[in-house]
Amino acid sequence: MYTRSYKVSVSIPPLLWVTIFLLVPYALLFCYSFWSVSAGAIVRHWNLDNYRELARSPMYLTVLFRSMKIAAAVTSLALLLGYPLAYFLSFYAKLRKDLLYQLVIIPLWVSYLVRGYAWKTILGSEGVLNGFLQYMHLVRHPVEFFLYSPFAVVLTLTHIYTPFTFLPIYASLEHVPRNLVEASQDLGASPAVTFWRVIFPLSLPGVLAGATFAFVLALGDFLAPLLVGGPSGIMISNIVVSLFGAAFNWPLGAAISLCLLVLVVTLLFVVERVEKKLSFS
Amino acid sequence: MSTAEENHRGGSFRRRPAWLGVYAAAVYGFLYLPIAVLVIYSFNGPGVGGFPPRALTLDWYRQLLSDLALWDTVANSLLVALAAVAIALALGLPAALALDRARFPGKALFRRLVLLPLILPGIITGLSLLMLFVASGIHLSLLTITLGHGTALISVATTEIFAGLQKLDRSQEEASLDLGATHWQTFWRVTLPSLRVPLIAAALLIFTLSIDEIAVSFFLIGRSNTLPLEIWSRLRRGITPEINAISAVILCFSVSMIVLWYHLRRRREQPEAGAAELIQTSLQKETA
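Overview of the structure. (Residues numbered from 1 in each chain as written. Chains lettered and ligands numbered in written order. Predicted model: local features only at pLDDT ≥ 70, side-chain atom pairs only at ≥ 80, totals over all residues. Heavy atoms only, no water.)

## Quick notes on the environment of K97 of chain A
Residues and elements named next belong to chain A.
Right, so step 1: In this structure, K97 sits in helix α4 (residues 97-109).
Right, so step 2: For K97, a relative accessible area of 2% translates into the label buried.
Right, so step 3: Within the local environment of K97, its side chain forms a polar contact with the side chain of E174, the two groups lying 3.2 Å apart. (Helix = DSSP H or I, 4+ residues; strand = E, 2+ residues; numbered from the N terminus. Buried < 20%, exposed > 50% of the residue type's maximum accessible area, 1.4 Å probe, protein only. Polar contact = N/O pair within 3.5 Å; in protein donor to acceptor, adjacent residues only side chain to side chain.)

See below:
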C-alpha cells in the first residue's frame with residue numbers, strides 16, 4: 001500500500017536526526033574515553049589509561065558499588081510501594097479508578113527538581129520533619145542524619161521512581177484475564193493463593209519493566225545526591241559531573257559514562273530476553 | 001472488547017482486604033506529602049522550616065511577582081519548550097510512521113535508538129550531546145538546550161503517535177488512495193486529522209517535560225538559564241521561601257497540563273466521528 005518513496009521520505013528525517021544527535025555523540029563518547037588530558041588540554045593520544053585507572057582505583061569502584069546499592073534499595077522500595085498500589089487499583093478500585101490513576105501519574109510528570117527540593121526542606125535539621133518531631137517532644141535536638149546522607153538519597157529517589165514502577169505493573173495487571181482469576185476462585189483457591197499462583201506470575205513482565213526503569217534511572221542519577229546526598233551520598237554520576245566540571249578530565253568522565261551506557265544497554269538486552277521467556281500471550 | 005477495557009470497569013474480588021486499602025492510602029500519602037508541605041510552606045511567614053506553619057502570608061508570592069530575573073528565565077523556558085515540541089513532533093511523526101509502515105535494514109536498531117533516551121539517565125544524553133557541540137564548535141546557549149530537549153523528547157512523541165497509528169483505521173487511507181488521492185493528499189486529509197488527538201496529547205506532554213527538564217539541560221547551559229536551572233543555581237546560594245512559591249506555581253501548571261493530557265488520551269478510546277464516517281458511508285453507497 002505504501003510506495004517506496006513514501007517509506008523513504010518518512011524514514012530519512014528521523015534517521016538523520018538519530019544519527020547526528022544520538023549515534024555520533026555516543027561515538028564521540030567512545031573516542032574521548034580513550035584519550036587523556038594534560039596541562040588543561042585534551043590530548044588525542046589513544047590509550048587505555050582511563051580504563052586501567054577505573055579498574056584499579058578503589059575510589060571509583062567504591063562509589064560505583066554504593067550507587068548500585070542505592071539503586072537496588074530504591075528499586076526494591078519502589079516495587080514494594082508500587083505493586084500493592086497497582087494491585088489495589090486494578091482489582092479493587094471501582095468508582096474512582098480513573099481519578100486514582102491520575103493521582104499516581106501526576107507526581108510522575110511533575111518536576112523532579114520541585115520534588116527533590118521539597119524533600120530537602122523537609123529533612124533538614126531546621127526542616128519540617130525535625131520541627132515536627134521537636135514540637136511533639138519526640139526528640140530534643142534535631143536529628144542530623146535525615147539530610148545529607150544516603151538515606152536521604154534513597155528516600156528521595158524512591159519517591160521519584162515509585163510511579164515509574166507503578167505504571168508497567170498496573171498495565172500488566174490490567175491485562176490479566178479476569179476469567180482466569182474467577183476460575184481460580186471457583187476451584188476453591190483463597191485470594192492469597194490466587195494471587196501468588198495466577199496473578200503475580202502474569203504480572204512479572206510489568207514488574208521487570210518497572211524494576212529495570214527504576215534501577216537504571218536511579219543508578220545514573222546525579223541530581224538527588226547533589227540536593228540531599230552530601231559527601232556521603234555521592235553517586236557515580238556525580239563523579240562524572242565533577243570530571244566534566246572543576247576536575248576537568250573529560251576523557252576519564254567519558255570512560256565512566258561509556259561504562260554506564262554499556263551497563264544500561266546490556267541490562268536492557270538481558271531483561272528483554274527474560275521478558276520474552278516470561279510472557280505467555 | 002479487550003481484556004484491559006473489560007477490566008477497567010473495575011472490581012474483581014468480592015471482599016477487599018482491609019490492609020490493602022490502608023497501604024494504598026499510605027502510598028498516596030507518601031507521594032503527596034512533600035508536595036503538600038511545599039505548597040503549605042509557600043504561604044508560611046517565617047520561611048521554609050520549622051513546625052507548625054504559622055503566620056500565613058502571600059509575601060513570597062508578591063516577591064515572586066516582582067522578581068524580573070526569574071520571569072526572564074520563565075520566558076526562556078517557554079521558548080525552549082515550544083521549539084522542543086516543534087522538533088519532537090516534526091521528527092517523531094515520521095519516525096512513528098516509519099516504524100508503523102516501513103521495513104528497512106536496521107529498523108530494530110533504529111527503534112531502539114529512538115526509544116533509548118527515555119530510559120537512559122539524562123547525564124549520558126546530556127554529556128554526549130555536549131561533546132557533539134564542542135566538537136562542532138557550537139557555543140552552548142538556549143539553542144543547544146533546545147536541541148537537547150528535542151533529542152530527549154522525540155521518544156515521547158514517537159511513542160504517543162505510534163500508539164495513535166495503531167488505532168488508526170487503515171481502510172480509510174486505502175479508500176482515499178483508491179479514490180485517486182496522492183500519498184501526500186491522503187496524509188494531509190486523512191491520516192493527519194485522525195492523528196490530531198495523539199499529536200495534541202504528545203505536544204502537551206513534551207511541553208510539560210521540557211519546562212521541567214533539568215538533567216540534560218544541566219550540561220548544555222550557556223549564558224541564559226531556563227527556569228529549572230535558575231532555581232537550581234539559586235538553591236546553591238541558599239533556600240528562600242520564594243522558591244517554594246515558584247515551585248507551587250510550577251506544580252499547578254504541570255498538574256493542569258497532565259490532567260488535560262490524560263483526558264485527551266481517554267477520549268481517544270472512543271470511536272472517531274466526522275471524516276471517518278463520511279468516507280465509510282460514501283463507500284457503502286457505492287457498493288449498494
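From this point, things continue past the structure.
## Re unusual backbone geometry
All names here are of chain A.
Right, so step 1: For Y148, which is not glycine, the phi torsion reads 55 degrees and is therefore positive.
Right, so step 2: Mapping Y148 onto the fold places it in the loop between α6 (128-135) and α7 (150-174).
Right, so step 3: With a relative accessible area of 44%, Y148 lands in the partly exposed category.
Right, so step 4: Phi angles above zero are rare outside glycine, and F248 is one such case at about 25 degrees.
Right, so step 5: When you line up the elements, F248 lands in the loop between α11 (236-243) and α12 (250-278).

## A few points about the environment of I119 of chain B
Right, so step 1: Looking at where I119 of chain B falls in the secondary structure, it is placed in helix α5 (residues 107-119).
Right, so step 2: Taking relative accessible area as the criterion, I119 of chain B reaches 9% and is therefore assigned buried.
Right, so step 3: Distance in space between the C-alpha atoms of I119 of chain B and F162 of chain B is 18 Å, their sequence separation being 43 residues.
Right, so step 4: Leaving out residues up to four positions away in the same chain, I119 of chain B has contacts with T212, F213, V216, L217 and L268 of chain A. (Contact = heavy atoms within 4.5 Å.)

## Focus: the packing of aromatic side chains
Residue and element names in this part refer to chain A.
Right, so step 1: By the definition in use, this model includes 36 aromatic pairs over all chains.
Right, so step 2: With centroids separated by 5.8 Å and ring planes inclined at 75 degrees, the aromatic side chains of Y87 and Y92 adopt a geometry described as edge-to-face. We note that Y87, like Y92, is buried.
Right, so step 3: Ring centres of F164 and F213 lie 5.4 Å apart, and the angle between their planes is 45 degrees; this geometry places the pair in the tilted category. Linking F164 in helix α7 with F213 in helix α9 (residues 191-219), this pair joins segments that are 49 residues apart in sequence.
Right, so step 4: Judged by its relative accessible area of 18%, F164 is buried.
Right, so step 5: One aromatic cluster is present, built from ring pairs that chain together F30, Y32, F34, W35, W46, Y51, F244, F248 and W250.
Right, so step 6: Above the face of the F91 ring, R178 is positioned so that its terminal group lies 3.9 Å from the ring centre. (Phe/Tyr/Trp six-rings, centres within 6.5 Å; stacked < 30°, edge-to-face > 60°. Lys NZ or Arg CZ within 6 Å of the ring centre and 35° of its normal.)

## Re helix α6 (residues 122-135) of chain B
Since the α-helix turns once every 3.6 residues, residues separated by three or four places project in the same direction.
All names here are of chain B.
Right, so step 1: For α6, which comprises 14 residues, the first-to-last C-alpha distance of 20 Å matches the rise-based estimate of 20 Å (1.5 Å per residue) to within 8%.
Right, so step 2: With 12 of 14 residues buried, α6 lies mostly within the body of the structure.
Right, so step 3: Of the residues trailing α6, G137 is marked for its positive phi of about 75 degrees. (Expected span 1.5 Å × (residues − 1).)

## Focus on the pattern of salt bridges
Right, so step 1: Across all of its chains, the model carries 12 salt bridges over all chains by this definition.
Right, so step 2: In this structure, E272 of chain A and K276 of chain A form a salt bridge, with 3.8 Å as the shortest nitrogen-oxygen distance. Here K276 of chain A and E272 of chain A lie together in helix α12, a separation of 4 residues that amounts to about one turn.
Right, so step 3: Overall, the relative accessible area of 30% leaves E272 of chain A in the partly exposed class.
Right, so step 4: For E230 of chain B, the salt bridge identified is with R234 of chain B, shortest N-O distance 3.0 Å. One end of the pair, E230 of chain B, and the other, R234 of chain B, are both in helix α12 (residues 227-237), 4 residues apart, so they sit about a helical turn from each other.
Right, so step 5: Residue classification places R234 of chain B among the buried residues on the basis of a relative accessible area of 16%.
Right, so step 6: Bridged by salt links that share partners, the residues D67, E230, R234 and E242 of chain B form one connected network. (Salt bridge = Lys/Arg side-chain N within 4 Å of Asp/Glu carboxyl O.)

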